[in-house]
Amino acid sequence: MNGTPTHCPYCALQCGMTLHTSGAGAVRVVPRDDVPASGGGLCQKGWTAAELLTAPDRLNTPLMRRGGDAPLEPCTWDAAFDRVAAEAARLRALHGPDAVAVFGGGGLTNEKAYQLGKFARVALGTSQIDYNGRFCMSSAAAASGRAFGVDRGLPGPVTDLAASGAILLAGGNPAETMPPFMRHLAGMRDGGGALIVVDPRRTATARQADLHLQPVPGTDIALANGLLHLALAEGLADEDYIAARTGGFDAVRTVVNAYWPDRAERITGVPVPVMREAVRLLARAERAHVLTARGAEQHARGTDMVTAFINLALALGLPGRAGSGYGCLTGQGNGQGGREHGQKADQLPGYRRIDDPAARAHVAAVWGVDPGDLPGPGRSAYELLSALGTVGGPRALLLFGSNPVVSAPRAAHVEDRLGALDLLVVADVVLSETARLADVVLPAAQWAEESGTMTNLEGRVLRRRRAVSPPDGVRTDLEIIGALAERLRAPGKWSTDPETVFAELRRAGAGGTADYSGITYARIEAEGGVFWPCPSTGHPGTPRPYLDRFPTPDGRARFVPVEHHGPAEDVDAAHPVYLTTGRVLAQYQSGAQTRRVRALAEAAPGPFVELHPDLAGRLGIEDGADVRVESRRGAVTVRARLTDAIRDDTVFIPFHWADEGRVNLLTNPALDPVSRMPEFKVCAVRLRA
Ligand SMILES: Nc1nc2c(c(=O)[nH]1)N[C@H]1C(S)=C(S)[C@@H](COP(=O)(O)OP(=O)(O)OC[C@H]3O[C@@H](n4cnc5c(=O)[nH]c(N)nc54)[C@H](O)[C@@H]3O)O[C@H]1N2
Ligand SMILES: Nc1nc2c(c(=O)[nH]1)N[C@H]1C(S)=C(S)[C@@H](COP(=O)(O)OP(=O)(O)OC[C@H]3O[C@@H](n4cnc5c(=O)[nH]c(N)nc54)[C@H](O)[C@@H]3O)O[C@H]1N2
Ligand code: SF4
Ligand SMILES: [Mo]
């Protein structure tokens, strides 16, 4: 038995695990107890992660479609690469470089995310690149950038949470989305700290809370402004901190003045005494945290929603104090790193802005190209997907590590757009719902078959280590990108070795916001991970940024006044019920991976709609019955699951399934004006038995 220490393939907690291989090729997962974030824990997805390595329908040869309606058939790698490169070159010559687009993923390693961004700008010369992280934490990223001058998920090591005196968690359900994370919250409660959960559903997480605020979906701005109003009225704000470390408070004070308690209760449905209790718990704790996750971010006003919670945290004096602060729980395995190295439409490596001349000059020098040849900013994820195949839009798409047919909002439209392309290329491990539509499918190596680095929710850079060889016929994403770059005669170097790519990433990002230049594989190994920013090899890394100053021009955090707007699509007579969406423990994202793992498919076999018995009674819907749920964009048929844990004006459907249970047929693509995040978390529906 050999053991390879690595991390789980799935979420941002990046739980530690050792993979033991036997001669027969079987891989056994054993939790590691030397990884602080998971502390020896794994969830059911982690325990069963190795099963996908040998999934019966794992892709192990490239596939190609010769002509529109022809079936996908096996082909050689050379044939696949030749076709992709020739088509890309043809479309580019015909329509210009933006005719070819790229879509990436927050599950890709730092090395792949970096190489993909470089590939788009240098090999294709296209501005049209974005990724699924736009659907994930982009609103929190935008709000953090606006307030603190930087966007790094948590303000400190996740183990700091256990020493907190109070945590307000808005729109997160880690009991299902990161189960081992709950030990940190439980540790806090054991030490006398209070957990306050804001969620329209009494989730498994809310059931472990001291206080549960159950608002109408989409009303978090009114709630956070109401909480801040109460804090000010009760003299709980930290005026010294506000004066010393922040700017812009007066405008926020004026705005929240109008969110008097009764008004906040009327908008949110949260009783005033519960709000008052929440504020007192937070303000009285010596150390406290305000955290957000997707429930308070995936809104057409998501950036403002997060800002409202940041304003509350700032007024209580939390950010920039050791053991306190505001944080966002990132989502995907590399949700943090995936947003730093340039696969975002407006970004260059090191979290630099692509429209900043100094950033362009620095990165172009590392890439060996002229800064003037780098494209400018492109379209955001949903805007990119919905421009595919339109006049002036991209004619080809190369997609790595995402399954938008299931996970993008207004999915039928996105599917339609994908169908209008001249060329769709999908690199994946399995034939996902999106890969099924492709003209060329490239079978990629996965997780335990490759090495690289991932940045977890703490901002700690970790090693992913290769434990087994990829199956014959499969290539790593770096090999795929390298081969295509070569065929496109791209300038510069296109290493397929992760450590070499990481060395280049360090140089490209040096001096940027997310500075990895002092991080090496050897250091990660020796130190159990390194926190960015880490600007030199002698630098210890930065577990807790902002202790002395915020990386804003004047060193102060910025208050930004925000007003409640309500959902982009409110309920009305035709569509009288709010729909919200999210996750269940045993399935991951679009389900492409976890639906193929037997124990997970058994634990969460299919889509359902959670609804309150009172609502069900009014509609004549019985538990277990098939229900048709319709929005202005589409309809799904799912099984009714009656529970009094949800508000009676709201229903919940998880998004992990395809076919008639694909909830993104219903969701609203209304975008946040700053982050371009779609409103996954609220739209209006009607239900029929
Ligand atoms: N099992 C599992 N774990 C995962 C994933 C997975 O797919 N499956 N995905 C990973 C990824 S990429 C992510 S981003 C994270 C997401 O992790 P979470 O953010 O914890 O997950 P969600 O279920 O999307 O949303 C959290 C909660 O938001 C609530 N909510 C809905 N609308 C609102 C609202 O208007 N206001 C508030 N305050 N709350 C609202 C929902 O009821 C839900 O309980 O999970 C990661 N972990
Ligand atoms: N309604 C609704 N929709 C949502 C959300 C929601 O809360 N509600 N949440 C949104 C969020 S937060 C997210 S993050 C997105 C996620 O949604 P997607 O972007 O669709 O995420 P995954 O299902 O993880 O897709 C990853 C794909 O990459 C493949 N893959 C895995 N590893 C590799 C690899 O190393 N290389 C390559 N080439 N492929 C690989 C997997 O098999 C899978 O097909 O969904 C968003 N959509
Ligand atoms: S919590 Fe996340 S990282 Fe940990 S085992 Fe589960 S899916 Fe994997
Ligand atoms: Mo996510």
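Sequence order sets the numbering: in each chain, residues are counted from 1 along the sequence as written. The order in which chains are written sets their letters, starting at A; the order in which ligands are written sets their numbers, starting at 1. In keeping with the predicted nature of the model, local features appear solely for residues at pLDDT of at least 70, side-chain atom pairs appear and are counted solely at 80 or more, and the whole-chain, interface and lining totals rest on all residues. Values shown for side chains rest on all heavy atoms present in the structure; no hydrogens or waters enter the calculation.

Novice: Explain helix α16 (residues 411-419) to me, please; I cannot follow it from the model alone.
Specialist: In an α-helix there are 3.6 residues to a turn, and that puts residues three or four apart on one side. Relative accessible area decides the class of each residue, using a 1.4 Å probe on protein chains only: under 20% of the type maximum gives buried, over 50% gives exposed, and in between gives partly exposed. By the criteria applied, helices consist of DSSP H or I runs no shorter than four residues and strands consist of E runs no shorter than two, each listed in order from the N terminus. Buried within α16 are the following residues: A411, H413, V414, R417 and L418. Mapping the buried residues of α16 onto a view down its axis gives an arc of 155 degrees, with all of them on the same face. On its buried face, α16 sits against α14 (381-387), β16 (396-400), α15 (404-407) and β17 (423-428). Working note: the arc is built from the helix axis to C-beta atom directions. Contact definition: two residues touch when any of their heavy atoms are within 4.5 Å.

Novice: What should I look at first to understand the pattern of salt bridges in this one?
Specialist: Once the charged atoms of two side chains with opposite charge are near each other, the side chains can pair. The salt bridge definition used is simple: a Lys or Arg side-chain nitrogen within 4 Å of an Asp or Glu carboxyl oxygen. Tallied over the entire structure, the rule returns 39 salt bridges. In this structure, the salt-bridge partner of R463 is E525, at a minimum N-O distance of 3.5 Å. Placement of R463 in strand β20 (residues 460-464) and of E525 in helix α19 (residues 521-527) is noted, with a sequence separation of 62 residues between them. Classification of R463 as buried rests on a relative accessible area of 11%.

Novice: Looking at this structure, how should I read the nonpolar core?
Specialist: Nonpolar side chains in soluble globular proteins tend to be buried together. In terms of nonpolar packing, the biggest core is built from 116 residues, with F119, F148, L168, L282, Y326, W367 and I519 touching the most fellow members. Among the elements that make up this core, the one with the highest residue count is helix α12 (residues 302-315) (nine residues). Both of domain 2 (63-135 + 334-443 + 475-493) and domain 3 (138-329) provide at least three residues apiece to this core. If near-sequence neighbours (up to four positions away) are discounted, I519 is found in contact with V461, F502, R506, I524, V530, W532 and C534. L19, L161, A209 and V597 belong to the second largest nonpolar core, which has 45 residues in total. Only buried Ala, Val, Leu, Ile, Met, Phe, Trp, Tyr and Cys residues count toward a nonpolar core, and they belong to the same one when joined by side-chain atoms within 4.5 Å. An automatic or database domain assignment supplies the residue ranges for each domain.

Novice: I'm lost on helix α11 (residues 272-284) in this one. Help?
Specialist: Relative to the 18 Å expected for 13 residues at 1.5 Å per residue, α11 spans 18 Å between its end C-alpha atoms, a close match to the ideal helical length. Among all positions in α11, only V272, M275, A278, V279 and L282 are buried. Down the axis of α11, the buried side of the element spans an arc of 125 degrees, and every buried residue falls inside it. Structural note: α11 exposes P273 and R284 on the side pointing more than 90 degrees away from its buried face. How far a helix is expected to stretch is found by multiplying one less than its residue total by 1.5 Å.

Novice: Explain the pairing of strand β28 (residues 668-671) to me, please; I cannot follow it from the model alone.
Specialist: Where β28 lies against strand β29 (residues 678-679), two bridges are found, and the strand directions are antiparallel. In the strand pairing of β29, N668 is matched with E679. Strands pair, by our definition, only if DSSP identifies at least two bridges between them. Count of turn residues in the β28/β29 antiparallel hairpin: six residues, of which R676 carries a positive phi of about 65 degrees.

Novice: Teacher, can you tell me more about the domain arrangement of the protein here?
Specialist: By convention, interface size is frequently given as the accessible area that disappears when the constituent parts associate. Its domain assignment divides the protein into domain 1 (2-54), domain 2 (63-135 + 334-443 + 475-493), domain 3 (138-329) and domain 4 (577-688). If you average the C-alpha positions of domain 1 and of domain 3, the two centres end up 32 Å apart. What gets called buried area is simply the loss in accessible area from a 1.4 Å probe that two parts show on being joined, summed for both. Of the roughly 680 Å² buried where domain 1 meets domain 3, counting both sides, 71% is carbon and sulfur surface. Linking domain 1 with domain 3 are zero salt bridges. What qualifies as a polar contact is a pair of N or O atoms within 3.5 Å, subject to a donor-acceptor requirement within protein and to the restriction that residues adjacent in sequence count only when both atoms come from side chains. The interface formed by domain 1 and domain 3 includes two residue pairs in polar contact (both at pLDDT 80 or more). Residues that form the side of domain 1 that touches domain 3 fall into these classes: eight nonpolar, four polar and one charged. Under the scheme applied, nonpolar residues are Ala, Val, Leu, Ile, Met, Phe, Trp, Tyr, Cys and Pro; charged residues are Asp, Glu, Lys and Arg; polar residues are all the others, including Gly.

Novice: When you look at the sheet that holds strand β3 (residues 27-31) in this model, what are you seeing that I'm missing?
Specialist: The strand order across the open sheet built from three strands is β1-β2-β3, with neighbouring strands paired in antiparallel fashion. The outermost strands of the open sheet, each flanked by one partner alone, are β1 (2-7) and β3. Each strand axis lies, on average, 30 degrees off the axis of its neighbour in the sheet, ignoring direction. Sheet topology note: the strand β2 (residues 16-21)/β3 ladder contains five bridges and is antiparallel. Paired with M17 across the strands is P31, a residue of β3. Axis lines are fitted to C-alpha atoms, over the contacting stretch for helices. Their N-to-C directions set the angle, which ranges from 0 to 180 degrees.

Novice: What is the right way to read the side chain of R245 from this model?
Specialist: Mapped onto the elements, R245 comes out in helix α8 (residues 239-245). Within the buried set, R245 has no salt-bridge partner at all; the shortest N-O distance to an opposite charge, 6.8 Å, is to D548. A polar contact of 3.1 Å, which involves the side chain of R245, links it to the backbone oxygen of L547. Excluding anything up to four places from it in sequence, R245 contacts P319, G320, Y546, L547, D548, R549, F550, R556 and A557. We count Lys and Arg on the positive side and Asp and Glu on the negative side, and we leave His and both chain ends out.

Novice: It is not clear to me how the site of ligand 1 should be interpreted in this structure. Could you clarify?
Specialist: Neighbouring residues are identified by heavy atoms, a residue being near a molecule or strand if any of them is within 4 Å of it. The local shell around ligand 1 holds 32 residues, among which N173, D199, R583, Q587 and Q589 are the closest. In this structure, E176 approaches ligand 1 through a main-chain N or O atom, which is 3.2 Å from a nitrogen atom. A distance of 2.8 Å separates a nitrogen atom of ligand 1 from a polar backbone atom of T177. Look at ligand 1: alone it shows 910 Å² of surface, and the protein chains cover 99% of it. Among the secondary structure elements, those contributing two or more residues to the shell around ligand 1 are α5 (174-177) and β23 (577-582). Here, Shrake-Rupley sampling with a 1.4 Å probe gives the accessible areas, and only protein chains in the shown set may cover a residue.

Novice: So what exactly am I meant to see when it comes to the site of ligand 2 here?
Specialist: As a structural note, the neighbourhood of ligand 2 is formed by 32 residues, with N132, S402, S407, D428 and S590 the closest of them. Here an oxygen atom of ligand 2 sits 2.6 Å away from a polar atom, N or O, in the side chain of N132. Burial of ligand 2 by the protein chains amounts to 96% of its free accessible area of 920 Å². Each residue belonging to the shell around ligand 2 can be placed in one class, and the counts come to 13 nonpolar, 14 polar and five charged. For the shell around ligand 2, the two domains that each supply at least three residues are domain 2 (63-135 + 334-443 + 475-493) and domain 4 (577-688).

Novice: Sorry, what's going on with the sheet that holds β17 here?
Specialist: Taken in spatial order, the seven strands of this open sheet run β5-β4-β18-β17-β16-β6-β7, and their pairing is mixed. Of all strands in the sheet, those bounded by a partner on one side alone are β5 (72-74) and β7 (129-131). Geometrically, the sheet is characterised by an average inter-axis angle of 20 degrees between neighbouring strands, direction not taken into account. Examined bridge by bridge, β16 and β17 share five bridges and lie parallel to one another. Each bridged residue has a counterpart across the sheet, and for L399 the counterpart in β17 is V426.

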